[in-house]
Amino acid sequence: MLSLLRPLLVISCWCLLLPSCQSRISRYNNGFHYQDISNGNGNGEIYFNGIRLHVESPQHSVSATRGSSVTLPCHYHYEPEIDKPRKTRIKWSWVPANTVAALPSPDVLARETEVMVAMGNRQRSYGNFRGRVRLRRSVPGDLSLVINELQLNDTGRYRCEVIDGLEDESVVVELELRGVVFPYHSQKGRYHFNFFGAQQACQDQDATLATFEQLFSAWEEGLDWCNAGWLADGTVQYPITVPREGCGGIELAPGLRSYGQRHRFLHTYDAFCFSASIKGSVYFLKHPTKLNFTEAAQACVSDGGQIARVGQLYAAWRLLGFDRCDAGWLADGSVRYPITKPRANCGPMEPGVRSFGFPPLSLKSGVYCYRQIDRNNTGKTI
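Reading the values: the criteria
Per chain, residues are indexed from 1 in the order of the written sequence. Local features in this predicted model are restricted to residues of pLDDT 70 or higher, and side-chain atom pairs are both shown and tallied only at a pLDDT of 80 or more, whereas totals for entire chains, interfaces and linings draw on every residue. Just so you know, side-chain values use all the structure's heavy atoms and leave hydrogens and water out. Any Phe, Tyr or Trp ring, taking Trp's six-membered ring, that has another such ring centre within 6.5 Å forms a pair; planes under 30 degrees apart are called stacked, those over 60 apart edge-to-face, and the others tilted. The numbering of helices and of strands both runs from the N terminus, where a helix is a DSSP run of H or I of at least 4 residues and a strand a run of E of at least 2. For each residue, the accessible area found with a 1.4 Å probe, counting protein chains only, is set against the maximum for its type, and the residue is called buried under 20%, exposed over 50%, and partly exposed in between. A strand pair is defined by DSSP finding two or more bridges across the two strands. Salt bridge, as used here: a side-chain nitrogen of Lys or Arg that lies within 4 Å of a carboxyl oxygen of Asp or Glu. A 1.4 Å probe that fits but cannot get out identifies a cavity on a 1 Å grid over protein atoms alone, an open set with protein on both sides within 12 Å along at least five of seven lines counts as a pocket, and a residue lines either if it has an atom within 4 Å of a point. Grid points are joined across faces, edges and corners, and a volume is the space filled by probe spheres set on the points. Charged means Asp, Glu, Lys or Arg here, nonpolar means Ala, Val, Leu, Ile, Met, Phe, Trp, Tyr, Cys or Pro, and polar covers whatever is left, Gly included. Note on contacts: a residue pair is in contact if any heavy atoms of the two residues lie within 4.5 Å. With axes taken as lines fitted to C-alpha atoms, and helix axes fitted only over the stretch in contact, angles between N-to-C directions fall between 0 and 180 degrees. Pairs of cysteine sulfur atoms within 2.5 Å are what we label disulfides.

Within the structure shown, the criterion is met by 20 aromatic pairs. Measuring from ring centre to ring centre gives 6.2 Å for phenylalanine 129 and tyrosine 158, while their planes differ by 85°; the resulting arrangement is edge-to-face. Taken together, the positions of phenylalanine 129 in the loop between strand 7 (122–125) and strand 8 (133–135) and tyrosine 158 in strand 10 (residues 156–164) put the pair 29 residues apart, joining distant regions of the chain. No difference in accessibility class separates phenylalanine 129 from tyrosine 158, as the two residues are buried. Arranged with centres 5.6 Å apart and planes meeting at 65°, the rings of tyrosine 191 and tyrosine 269 form a pair that is edge-to-face.

On to the pairing of strand 6 (residues 113–119), then. Put simply, side chains in a regular strand alternate between the two faces of the sheet. Relative to strand 6, strand 5 (residues 89–96) is paired through 6 bridges, and the arrangement is antiparallel. Following the sheet pairing, tryptophan 94 is matched in strand 6 by threonine 113. As defined by bridge partners, strand 6 adjoins strand 7 across 4 bridges and the pair is classed as antiparallel. What sits directly across from alanine 118, in strand 7, is glutamine 123. Between strand 6 and strand 7, which follow one another and run antiparallel, lie 2 residues, and glycine 120 among them has a positive phi close to 65°.

Bringing the pattern of salt bridges into the picture now. For the structure shown, the criterion picks out 17 salt bridges. In this structure, arginine 86 and aspartate 164 form a salt bridge, with 2.7 Å as the shortest nitrogen-oxygen distance. Remark: aspartate 164 occurs in strand 10 and arginine 86 occurs in the loop between strand 4 (75–79) and strand 5; sequence separation between them is 78 residues. A salt bridge links glutamate 149 to lysine 279; its shortest N-O distance comes to 3.6 Å. Here glutamate 149, found in the loop between strand 9 (145–147) and strand 10, pairs with lysine 279, found in the loop between strand 17 (270–276) and strand 18 (280–284); they are 130 residues apart in sequence, far enough to count as distant. Taking relative accessible area as the criterion, lysine 279 reaches 32% and is therefore assigned partly exposed. Overlapping salt bridges bring together Arg52, Glu167 and Glu169 as one network.

Here we come to the layout of surface pockets. Of the pockets and cavities examined, the largest pocket occupies roughly 1,300 Å³. Taken together, 49 residues line the largest pocket, and the ones lying closest to its centre are Val180, Val181, Phe182, Ala218 and Leu223. Of all the secondary-structure elements, those providing two or more residues to the lining of the largest pocket are strand 10, strand 11 (167–177), strand 12 (179–184), helix 5 (212–220), helix 7 (310–320) and strand 22 (352–355). Element by element, the count of residues in the lining of the largest pocket is highest for strand 12, at 6 residues. Taken together, the residues of the lining of the largest pocket sort by class into 24 nonpolar, 13 polar and 12 charged. Of the volumes computed, that of the second largest pocket is approximately 800 Å³. Arg66, Gln151, Leu152, Asn153 and Thr208 are, among the 34 residues lining the second largest pocket, the residues nearest its centre. Of all the elements in the fold, those that place two or more residues in the lining of the second largest pocket are strand 5, helix 4 (195–204), strand 13 (208–209) and strand 23 (366–372). The greatest single-element share of the lining of the second largest pocket, amounting to 4 residues, is contributed by helix 4.

Here the focus is the side chain of threonine 211. Relative to the assigned elements, threonine 211 resides in the loop between strand 13 and helix 5. Its relative accessible area of 8% is what places threonine 211 among the buried residues. Once residues lying within four places of it in the same chain are set aside, the contact partners of threonine 211 are Ala97, Leu231 and Ala232.

Before going further, it helps to examine the sheet that holds strand 6. The sheet built from 6 strands is open, its strands ordered 2-11-10-5-6-7 with mixed pairing. Both edges of this open sheet fall to strand 2 (61–64) and strand 7, since each of them pairs with a single strand only. Along the sheet, successive strands turn relative to each other by an average axial angle of 20°, direction set aside. Taken together, the 9 bridges between strand 10 and strand 11 define a ladder with antiparallel strand orientation. Its bridge partner being in strand 11, arginine 159 is matched across the sheet by valine 172.

Of all 7 residues making up strand 23, 5 are buried, and the element is well covered by its neighbours. In this sheet, strand 23 lies alongside strand 19 (residues 306–307) in antiparallel orientation, the contact comprising 2 bridges. Residue pairing across strands places glutamine 306 opposite tyrosine 370, the latter belonging to strand 23. Strand direction decides the pairing type here: strand 20 (residues 328–329) and strand 23, joined by 2 bridges, are parallel. Pairing of glycine 328 across the sheet is with glycine 366, part of strand 23.

Our focus in this paragraph is the state of the cysteines. Per the stated rule, a full pass over the model turns up 5 disulfides. The side chain of cysteine 202 participates in a disulfide bridge whose partner is cysteine 273; the two sulfur atoms lie 2.0 Å from each other. Since a negative S-S torsion denotes a left-handed disulfide, the cysteine 202-cysteine 273 link at about -80° is left-handed. In this pair, cysteine 202 is assigned in helix 4 and cysteine 273 in strand 17, connecting sequence segments 71 residues apart. The buried category is assigned to cysteine 273, whose relative accessible area is 1%. A sulfur-sulfur separation of 2.0 Å characterises the disulfide bridge that pairs cysteine 325 with cysteine 346. On the sign convention where negative means left-handed, the S-S torsion of about -120° between cysteine 325 and cysteine 346 marks this disulfide as left-handed.

Printed below as a string of structure tokens:
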């Protein structure tokens, strides 16, 4: 039987080389035309001589505020232009800020999470993005992603991908939130958080672990702190603007001191948290007497709010200019107050959130409360 097939195989191979036979071979039915391997460069490479797909973004980095809406720009077109619309599949995916590496790698791409996919007029969103994202489609070729009600964890690298037959092109857009970085340590003292404890501590204060980029920006703006803290990528670092002994030494230039990657379970440090703008108001409660911690928390509830968290106080200080020279309880059991206009009897002559640490809960003090804005009644509070 093998001997009978051999002549047919030879004829078939010769036929592939003849123009008359090539015309009868079906081409790819996706609008893209490729030359045969026999017309390549001799190394098995196929020359492309058809329509070319281009995916672009005029902005590769976008910043926004928490709770707002943001548009991540993405457009595509063909060269040469085509007359009829083509069936394309659109996919937006996301790598969270705490897993973003310096350069994209196969390992990073494997951790991408789908945000939404679309084909024609049909689209589907996924996970925490469900119901919060859509394609703008303002003009032909516009695939810009609109994200509503931005959350702290939405930061990271977003990939806009267009798939058309054998063509697959994409572009990356970075999303950042405007906010403030603050150092945070345990009630037990310095260096008591492993990585996961630091994550939880920041979350408890209405914040997230800061990224390297966020800490670097804070250092550029003057943050100087000599205690090492966890960052979102699992590294431990601290910012120094004035070199000194005990903080890396006076020989080192100002910058971020890094311990590199640490063991996330075994090693313990402080945390650098990041808080963005809040949809509500932080205020110092006017009360006829000073209160212990339990009384302070109840007083905020009686006033229609809740005792403020550390991240909320920092956000109000840095982003809204909140200034108050009165010490007050916060939700973690610390006593602090925010100063934007330094003056006598209000601490050092520089802006900042002053801290008295974690005093006994029986201490009598004022209290900072937080009242959330009712989304159904813009401008009103609940």
